[in-house]
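Listed here are the chains, written in short residue letters.
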Amino acid sequence: MVRLRKSAFVIAAARQRRRLRESEAAFILLAAVAGLAAGLLTNVQQLIAHGIQSLLYGVTINRLSALGVIHHPWKLLALPIGGLMLMLFARGLRNRQRIPVDVVEANALHGGRIPFADNLVIASQTIISNGAGASVGLEAAYAQMGGGVASQLGQWFTLRRGDLRTLVGAGAGGAIGAAFGAPLTGAFYAFEIVIGNYTPAAIAPVMAAALSAVFVTRALGADPYLIATTAGRAFSVSDYLLYALLGLLCALFGMLIMRLVAFTELRVHGWRRIAGWKPVVGGLLLIPLAMLSPQTLSAGHGALHLDLVLRPALSFLAIVLLLKIAASVISLSFGFRGGLFFASLFLGSLIGQIFAGLVNLGPLGAIIDPNDAALVGMAALSVSIVGGPMTLAVLMLETTHDFALMGVVLTATLVSSAVTREMFGYSFSTWRLHLRGSTIRSPRDIGRLMTLTAGRIMRTDWTAVSKDMTVAEFRDRVPLGKTAKVILIDAEGHYRGIVPTAAAFHPDLDGASAVAGLAMQSGIVLRRTMDIRSVLKLFDEASADELVVIDDDEQVIGVVTERHARRRYFEELEASQRELFGESG
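If you're wondering where the values come from, they're calculated on a predicted model, not measured in any experiment. (Residues numbered from 1 in each chain as written. Predicted model: local features only at pLDDT ≥ 70, side-chain atom pairs only at ≥ 80, totals over all residues. Heavy atoms only, no water.)

## Side note on the overall build of the protein chain
The helix and strand inventory of the protein chain stands at 23 helices and six strands. Looking at the protein chain as a whole, 47% of its 585 residues qualify as buried. In the protein chain, the proportion of contacts linking residues at least 24 apart, taken out of those at least 6 apart, comes to 70%. Summing over all exposed atoms, the protein chain offers an accessible surface of approximately 29,000 Å²; the carbon and sulfur share of this is 62%. (Helix = DSSP H or I, 4+ residues; strand = E, 2+ residues; numbered from the N terminus. Buried < 20%, exposed > 50% of the residue type's maximum accessible area, 1.4 Å probe, protein only. Contact = heavy atoms within 4.5 Å. Areas by Shrake-Rupley, 256 points an atom, 1.4 Å probe, with all protein chains shown as cover.)

## Overview of the pairing of strand 2 (residues 485-489)
Of all five residues that make up strand 2, four are buried, and the element is covered over most of its length. Note that strand 1 (residues 464-466) and strand 2 share three bridges and pair parallel. Note on strand 2: the bridge partner recorded for Val465 is Leu488. Taking the sense of rotation as the criterion, the β-α-β connection linking strand 1, helix 20 (residues 471-477) and strand 2 turns out right-handed. (Pairing = 2+ DSSP bridges. Right-handed = clockwise from strand over helix to strand, strands pointing away.)

## Describing the packing of aromatic side chains
The description of an aromatic ring pair rests on the distance of the ring centres and on the angle between the ring planes. Using the criterion set out here, one finds one aromatic pair in the structure. Each ring, one from Trp156 and one from Phe157, has its centre 4.7 Å from the other, and the planes form 85°; the classification is edge-to-face. Residue classification places Trp156 among the partly exposed residues on the basis of a relative accessible area of 45%. (Phe/Tyr/Trp six-rings, centres within 6.5 Å; stacked < 30°, edge-to-face > 60°.)

## So, the pattern of salt bridges
One pass over the full model with this rule turns up two salt bridges. Its salt-bridge partner being Asp369, residue Arg311 comes within 3.7 Å of it at the nearest N-O pair. Here Asp369 lies in the loop between helix 14 (341-361) and helix 15 (370-385) and Arg311 lies in the loop between helix 12 (301-310) and helix 13 (314-333), a separation of 58 residues in the sequence. Note on Arg311: relative accessible area 42%, which makes it partly exposed. (Salt bridge = Lys/Arg side-chain N within 4 Å of Asp/Glu carboxyl O.)

## Thoughts on helix 5 (residues 116-132)
Helical geometry note: an α-helix holds 3.6 residues per turn, so side chains three or four residues apart project in the same direction. Taking 1.5 Å per residue as the helical rise, helix 5 with its 17 residues ought to reach 24 Å, and the 25 Å between its terminal C-alpha atoms agrees with that figure. Burial within helix 5 is extensive, with twelve of its 17 residues counted as buried. Listing the buried residues of helix 5 in full gives Asp118, Asn119, Val121, Ile122, Ala123, Thr126, Ile127, Ile128, Ser129, Asn130, Gly131 and Ala132. On its buried face, helix 5 is in contact with helix 2 (24-57), helix 3 (78-92) and helix 6 (139-156). Of the residues flanking the end of helix 5, it is Gly133, one or two places downstream, whose phi is positive at about 105°. (Expected span 1.5 Å × (residues − 1).)

## Topic: the nonpolar core
Soluble, globular proteins show a tendency: their nonpolar side chains are buried together. Of all hydrophobic cores here, the largest spans 67 residues; its most connected members are Val206, Tyr243, Leu246, Ile368 and Val376. Every residue in contact with Val376, bar those within four places of it in the chain, is listed here: Tyr243, Leu246, Leu405, Val408, Val409 and Ala412. Ile457, Leu536, Leu538 and Ala544 belong to the second largest nonpolar core, which has 19 residues in total. (Core = buried A, V, L, I, M, F, W, Y, C linked by side-chain atoms within 4.5 Å.)

## As for the sheet that holds strand 6 (residues 556-561)
Strand order in the open sheet formed by three strands is 4-5-6, with mixed pairing between adjacent strands. Every other strand in the sheet has two partners, leaving strand 4 (526-527) and strand 6 as the edge strands with one partner each. Pairing geometry for strand 5 (residues 546-550) and strand 6, over five bridges, is antiparallel. Bridge pairing in strand 6 places Leu547 opposite Val560. Set on the sheet, helix 22 (residues 532-542) makes contact with strand 4, strand 5 and strand 6; between it and strand 5 the angle comes to about 130°. (Axes fitted to C-alpha atoms, helices over the stretch in contact; angles between N-to-C directions.)

## Digging into the sheet that holds strand 1
Read across the open sheet, the three strands follow the order 1-2-3; overall the sheet is mixed. Each edge of the open sheet is held by one strand with a lone partner, namely strand 1 and strand 3 (495-500). Here the average twist between neighbouring strands, direction ignored, is 35°. Of the pairings in the sheet, the one linking strand 2 to strand 3 comprises five bridges and is antiparallel in character. Considered in strand 3, the bridge of Ile487 is made with Ile498.

## Some details on the side chain of Ser344
As for its position among the elements, Ser344 is in helix 14. A relative accessible area of 1% places Ser344 in the buried class. Here the side chain of Ser344 touches Ser382 through a polar contact of 3.0 Å, side chain to side chain. Among all residues touching Ser344, those that are not within four sequence positions of it are Met378, Leu381, Ser382, Ile385 and Val386. (Polar contact = N/O pair within 3.5 Å; in protein donor to acceptor, adjacent residues only side chain to side chain.)

## Focus on the confidence of the model for the protein chain
In the predicted model, the protein chain carries a mean pLDDT of 77, and the fraction of residues at 70 or more is 82%. Ranking the elements of the protein chain by mean pLDDT puts helix 18 (residues 428-435) last with 56 and helix 6 first with 89. Counting contacts from residues 438-448, a segment whose pLDDT is below 50, to residues more than four positions away or on other chains yields 35 contacts. A low-confidence stretch, residues 579-585 (pLDDT under 50), is modelled with five contacts involving residues beyond four sequence positions or located in other chains. (pLDDT = per-residue confidence, 0-100.)

## A look at the environment of Leu323
Mapped onto the fold, Leu323 is located in helix 13. On the basis of relative accessible area, Leu323 is assigned to the buried category, the value being 11%. Distance in space between the C-alpha atoms of Leu323 and Leu286 is 9.6 Å, their sequence separation being 37 residues. Residue contacts for Leu323: discarding those within four places in its chain leaves Leu289, Leu292, Ser293 and Thr296.

## A short note on the side chain of Thr420
Relative to the helices and strands, Thr420 is located in helix 17 (residues 403-423). Separated by 2.9 Å, the side chains of Thr420 and Ser384 make a polar contact.

## Here we look at unusual backbone geometry
We note that Thr158 has phi near 50°; this positive angle belongs to a residue other than glycine. Within the secondary structure layout, Thr158 lies in the loop between helix 6 and helix 7 (161-180).

## Some details on the environment of Thr561
Along the polypeptide, Thr561 turns up in strand 6. If sequence neighbours within four positions are ignored, Thr561 has contacts with Arg459, Phe539, Asp545 and Glu546.

## Regarding the pairing of strand 6
A regular strand places its side chains so that they alternate between the two faces of the sheet. Within strand 6, five of the six residues are buried, leaving the element largely enclosed by the surrounding structure. Hairpin connection from strand 5 to strand 6: five residues lie between these consecutive antiparallel strands, with Glu554 at a positive phi of about 65°.

Here's what the structure looks like:
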């Protein structure tokens, strides 16, 4: 019965893992949960440390370093008392055979895996030190507990190495963001300090965690360490929710516009009688739109600024919005060359102003600034159509120099990007490539990939051991750091699974146990002739980051990592793109 329950739990965990791998929105939600936990833990740790300071020194919260003079020198005995507590704490841990793993080391060496006891040790030592008045900050404890709780969530869902590292970085960054009340600071902390690189796939999860953590700090009414802004206003929680709704509306509008362009383009393409005259016909159709409103002309740069200054009636803005959408659809469908980047900015500003007007007229009593809503709408709609949430967020920052606005801009762009990816899956450029026959949702997917096979992209420098080895023998044969994963084979040389090296070095693992019990993906293999599409599909289905290649005799002949397969895939797309534009050679 116990085995059946354990098996059911493993199956359920595997199902959740697959769901997280297939759904970006689900992974973002998990990151947001990690951010909420990180934010709560940050505030709890801050409360404990400042409570100790208040008890020992009699100061108010976060005022110890602001004292002008020590009126009662005897209170400084708290410093050696704190040292004594740390010494006693260390003695209690003398039976531990290893140094606790901190969050940075975990991501660098252990794929984001952090034993939860290590989090408690590091956080406790930091809180004691800071509470006693030592010249140390609590940031290490915040990041450790934030990354640690994220690591536990990721391990429970058995995330892949790359996803787990991203989640750990998101949790640690969220904790730092909560401490400073600054989601951008937290996000870049995650990218630069914990994850070690910046990837588009990590933007939304990291930002979701940072925003969630900062939300906890603000909801609790806690004062962050640093409060600095260039604007004379602050956005409340209700403002964030309203702008998140604006992001959702912009995503829906973005998907509608992209589908309208595709629908109209296909219909116009079938009108063979005007095949050579499409731009002329399109120009004629644009004339009445321009007569109704000159704001439909060109990209809309001048109209954008004009509407922001004059703040026309909602009915006028709604008419211009519809006319501008129609003009954009006609222009692109009838053969005019260009994109939707700046048009989406203008359309987004119209949507934002209309949204603000409706909210301000509504019965809820909420008031938002039309200019703020216009800027948020610009970013959110452009993210839905063009992509690049950080690009648009930084654009808003650079054009407005308004740091107070950045939080709601990031909230709206995050919502818009996540909804568009989940419900539509394309930006405007990749959607048009899809209509031309591409099947993989990538910005450079234009075909010519059938000859790129597993046999061509595999590497042959793998490490293999017998499946009959014990864990202790495995540790002697494959020291930690030599290779990330090891292939298990039987006496006939047949493939029997992959063992993560770090898993074999878990401190709670019995050295006499069989290493075969740690094997993963024992029944999932690549064949030499599988093309890159099939290879990537199998990686997605298996939620694996490394698979072996076998020959017809079931012998291992190579190894392919998902990262390398995707890199080769994009290299092939790049070569195809250069050929398309005549840049090869």
